[in-house]
Amino acid sequence: MKKIVFVCSVNRWRSPMAEYLFRDILEKRGRDLLSRIDVSSAGIVPRKEEEALFAQGLTLPEPLFGYRPLACVMFYLMQRGIDSFKHRSRPLNSRIIEEADLVMGVVRKHKEAVLEAYPHAEQKTFCLEDFSTPFTLPEIANEPPGLMPPDTFCMLECDHWEFTDQVMEMIEARLNEASPRILDFLGVRREAGSDL
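What counts, and where the lines are drawn
- Residues numbered from 1 in each chain as written.
- Predicted model: local features only at pLDDT ≥ 70, side-chain atom pairs only at ≥ 80, totals over all residues.
- Heavy atoms only, no water.
- pLDDT = per-residue confidence, 0-100.
- Contact = heavy atoms within 4.5 Å.
- Buried < 20%, exposed > 50% of the residue type's maximum accessible area, 1.4 Å probe, protein only.
- Helix = DSSP H or I, 4+ residues; strand = E, 2+ residues; numbered from the N terminus.
- Arc of directions from axis to C-beta.
- Pairing = 2+ DSSP bridges.
- Axes fitted to C-alpha atoms, helices over the stretch in contact; angles between N-to-C directions.
- Salt bridge = Lys/Arg side-chain N within 4 Å of Asp/Glu carboxyl O.
- Phe/Tyr/Trp six-rings, centres within 6.5 Å; stacked < 30°, edge-to-face > 60°.
- Lys NZ or Arg CZ within 6 Å of the ring centre and 35° of its normal.

**Student:** Can you explain the confidence of the model for the chain? Please cite residues and give values.
**Tutor:** Residues of the chain with pLDDT of at least 70 account for 83%, and the chain-wide mean is 86. Long-range and interchain partners of residues 141-145, a stretch whose pLDDT sits below 50, account for nine contacts in this model, where long-range means more than four residues apart.

**Student:** Break down helix α5 (residues 108-117) for me, citing the residues and quoting the values.
**Tutor:** Within the sequence span of α5, burial applies to His110, Lys111, Ala113 and Val114. On an axial view of α5, the arc spanned by its buried residues comes to 160 degrees, and they lie on one face.

**Student:** Can you explain the sheet that holds strand β3 (residues 102-105)? Please cite residues and give values.
**Tutor:** If you trace the four strands from one edge of the open sheet to the other, you get β2-β1-β3-β4, paired in parallel fashion. Single-partner strands in this sheet number two, and they are β2 (37-43) and β4 (125-127). Strand-to-strand twist across the sheet, computed as the mean angle between neighbouring axes with direction ignored, equals 25 degrees. Examined bridge by bridge, β3 and β4 share three bridges and lie parallel to one another. From the neighbouring strand, Gly105 faces β4, where its bridge partner is Cys127.

**Student:** Tell me what's going on with the pattern of salt bridges, and back it up with residues and numbers.
**Tutor:** Counted by the stated rule, this structure contains 11 salt bridges. Two residues, Arg47 and Glu116, come together in a salt bridge whose shortest N-O distance is 3.1 Å. Taken together, the positions of Arg47 in helix α2 (residues 47-55) and Glu116 in helix α5 put the pair 69 residues apart, joining distant regions of the chain. Between Arg108 and Glu129 there is a salt bridge; the shortest N-O distance is 2.9 Å. Of this pair, Arg108 sits in helix α5 while Glu129 sits in the loop between β4 and α6 (151-156), and the two are 21 residues apart along the sequence. Through salt bridges with shared partners, a single network forms among Arg108, Lys111, Glu129 and Asp130.

**Student:** Please provide a residue-by-residue account of the packing of aromatic side chains, values included.
**Tutor:** The full count for this structure, using the stated rule, is six aromatic pairs. Each ring, one from Trp13 and one from Phe163, has its centre 5.8 Å from the other, and the planes form 5 degrees; the classification is stacked. Taken together, the residues span a long stretch of sequence, with Trp13 in the loop between β1 (2-8) and α1 (14-30) and Phe163 in helix α7 (residues 160-186) at a distance of 150 residues. Exposure class is identical for Trp13 and Phe163. Each is buried. Note on Phe75 and Tyr76: the rings are 5.0 Å apart at their centroids and 80 degrees apart in plane angle, and the pair reads as edge-to-face. With a relative accessible area of 38%, Phe75 lands in the partly exposed category. Three or more aromatic residues link up through ring pairs in this structure, and these residues are Phe126, Phe131 and Phe185. Positioned over the ring face of Phe85 is Arg68, at 3.9 Å from the centre of the ring. Looking at Arg181, its charged tip hangs above the ring of Phe131, at a distance of 5.2 Å from the centre.

**Student:** Hey, could you go over the side chain of Ser84 for me, with residue numbers and the actual values?
**Tutor:** Counting through the fold element by element, Ser84 comes out in the loop between α3 (71-79) and α4 (94-99). Apart from the residues within four sequence positions on either side, Ser84 is in contact with Tyr20, Pro69, Met74 and Leu77.

**Student:** Please give an account of unusual backbone geometry that cites residues and values.
**Tutor:** The phi torsion at Asn11 lies on the positive side, around 60 degrees, for a residue other than glycine. Relative to the helices and strands, Asn11 resides in the loop between β1 and α1.

**Student:** Go over the pairing of β1, please, and point to the residues and values.
**Tutor:** Within β1, five of the seven residues are buried, leaving the element largely enclosed by the surrounding structure. Across seven bridges, β1 lies against β2 in parallel orientation. Within the sheet, the bridge partner assigned to Lys3 lies in β2 and is Asp38. The pairing of β1 with β3 spans four bridges and is parallel. Within β3, the residue paired with Val7 across the bridge is Gly105.

Below is the structure:
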């Protein structure tokens, strides 16, 4: 079985979107593709982000991983008929890197963070725009200090709901576009008549 892992900073916003949307794409268009491709996600904090936090006198929360996706992510995935409730964030580590056939940063800074930590994985580490039309995800509006806003902030005090839906649409469009190249990279044959 081939393995692809999507990567973002804390594995609660962008990479779970990519993981669950890509599984859905494979399930809807490829029938047995999910039996041949293991799709997962993980988080890695780019050193620049960590240094920026420390410069503000902030530290990474402990524990950083082990959580569900942000509520807005689960909500918009559920609207698409995708259940991500069992997802728990996890850190990228050397075992995941070694077992993966393709490591896909959602955006370029995640690819760079992976290569900084695991330079030997260069031949299998990319970002989504390497396989699709280049794009830039907007930064989270009104984000409080720290790496990622807590769910209570996300639900009560900011515009993440609509914003997350827009970001999810962008990621979904790029995944649809990138799917044939991803399958080719993984060496997975597409079924006759499939548009993947």
